[in-house]
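Understanding the architecture of this molecule
Listed below are the residues making up each chain.
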Amino acid sequence: MLELEGVHAGYDEIEVLHGVDLHVDEGEIVALIGSNGAGKTTTMRTIGGILSPTKGTITYKGEPIHRLGPHEIVERGIVQVPEDRDLFTNMSVIENLLLGAQTEEAREKRDENLQRMLELFPRLEERKSQRAGTMSGGEQQMLTLARALMGEPDLLILDEPSIGLAPHLVQEVFDVVEQIHEQGITVLMVEQNVQQTLQVADRGYVMENGRITLAETGDALLEDEGVVEAYLGV
């Protein structure tokens, strides 16, 4: 579905990614794990068209996308949930949700999807007229996920969806990710909560210093001594 081959990318003269290879098959949950500064967010930005690779290719459903802009990539069916949430804080929950329906297909299903999001996220139903900036961090994260789903994605990319959340809300986020997956949406997830991420992931990649150093099933990575020592604090 999505394939990165030999991707190099970075900022100005500073190269961050040094020949990244990874793929995501349709119907999978794939995790990308690594320490801060490893290049995970840069990878997400390159897939999303915010950065352009200096070398290598990115293909989606067999078509090259590495020279497309962010809006064109969204039109192809790839939607990202950024780490910083990027909500319109002075707008209501409903207004933020409606802004997620940007593509032609999403606009056609806007009302149907809006109702589906309010059912999937009951707290948003309760607060649908409330300004986004006045909600808790967990509620804002749910709104960010719901807004992304309003875009009718085939592939949903999540960048640190549980960051800054209380433990009980972290579990709620992972429950929602599994529900999204059960609805047929493929998921690529960057997340520092390695244990829970690998428990839900079909496969995972370990990134170090802008390179993929290990690729295995989620279960195999949870049993890998190097992964356990580096990321699980054991």
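For the structure, see preceding data.
Okay, so let's go over this structure. Remember, predicted model here, so these are calculated numbers, not experimental data.

Re the pattern of salt bridges
As enumerated under the stated definition, the model contains 8 salt bridges in all. Glu28 is the partner of Arg203 in a salt bridge, and the nearest nitrogen-oxygen pair spans 2.8 Å. One end of the pair, Arg203, is in strand β9 (residues 203-208); the other, Glu28, is in the loop between β2 (14-24) and β3 (29-33), with 175 residues separating them in the sequence. Residues Arg203 and Glu28 agree in their burial class; the two are buried. Between Arg123 and Glu172 there is a salt bridge, with its nearest N and O atoms 2.5 Å apart. Of this pair, Arg123 sits in helix α6 (residues 122-126) while Glu172 sits in helix α8 (residues 167-182), placing them 49 residues apart in sequence.

Examining helix α1 (residues 40-47)
By the criterion of burial, α1 is predominantly enclosed, with 6 of the 8 residues buried. For α1, the complete set of buried residues consists of Lys40, Thr42, Thr43, Met44, Thr46 and Ile47. A positive backbone phi angle near 85° is found at Gly49, which sits one or two residues after α1.

A short note on the side chain of Asp159
Position of Asp159 among the secondary structure elements: in strand β7 (residues 155-159). Buried and unpaired, Asp159 has Arg45 as its nearest opposite-charge partner, separated by 6.0 Å. Among the polar contacts listed, one links the side chain of Asp159 to the side chain of Thr41, at a separation of 3.1 Å. The contact partners of Asp159, leaving out residues within four places of it in the chain, are Thr41, Met44, Val81, Pro82, Glu83 and Val190.

Let's talk about the sheet that holds strand β10 (residues 211-217)
Sheets are built from strands paired through backbone hydrogen bonds, the pairs being either parallel or antiparallel. Ordered in space as β6-β7-β8-β3-β9-β10, the 6 strands form an open sheet in which the pairing is mixed. Two strands lie at the open edges of the sheet, namely β6 (78-81) and β10, each paired on one side alone. Across the sheet, the mean angle from the axis of one strand to that of its neighbour is 15°, orientation sign disregarded. Packed onto the sheet, helix α7 (residues 137-149) meets β6 and β7 and runs at close to 170° relative to β6. Contacts from α8 reach β3, β7 and β8 (186-190), with the element oriented near 150° to β8.

Each value, and the rule that gives it
Residues numbered from 1 in each chain as written. Predicted model: local features only at pLDDT ≥ 70, side-chain atom pairs only at ≥ 80, totals over all residues. Heavy atoms only, no water. Salt bridge = Lys/Arg side-chain N within 4 Å of Asp/Glu carboxyl O. Helix = DSSP H or I, 4+ residues; strand = E, 2+ residues; numbered from the N terminus. Buried < 20%, exposed > 50% of the residue type's maximum accessible area, 1.4 Å probe, protein only. Lys, Arg positive; Asp, Glu negative; His and termini not counted. Polar contact = N/O pair within 3.5 Å; in protein donor to acceptor, adjacent residues only side chain to side chain. Contact = heavy atoms within 4.5 Å. Pairing = 2+ DSSP bridges. Axes fitted to C-alpha atoms, helices over the stretch in contact; angles between N-to-C directions.

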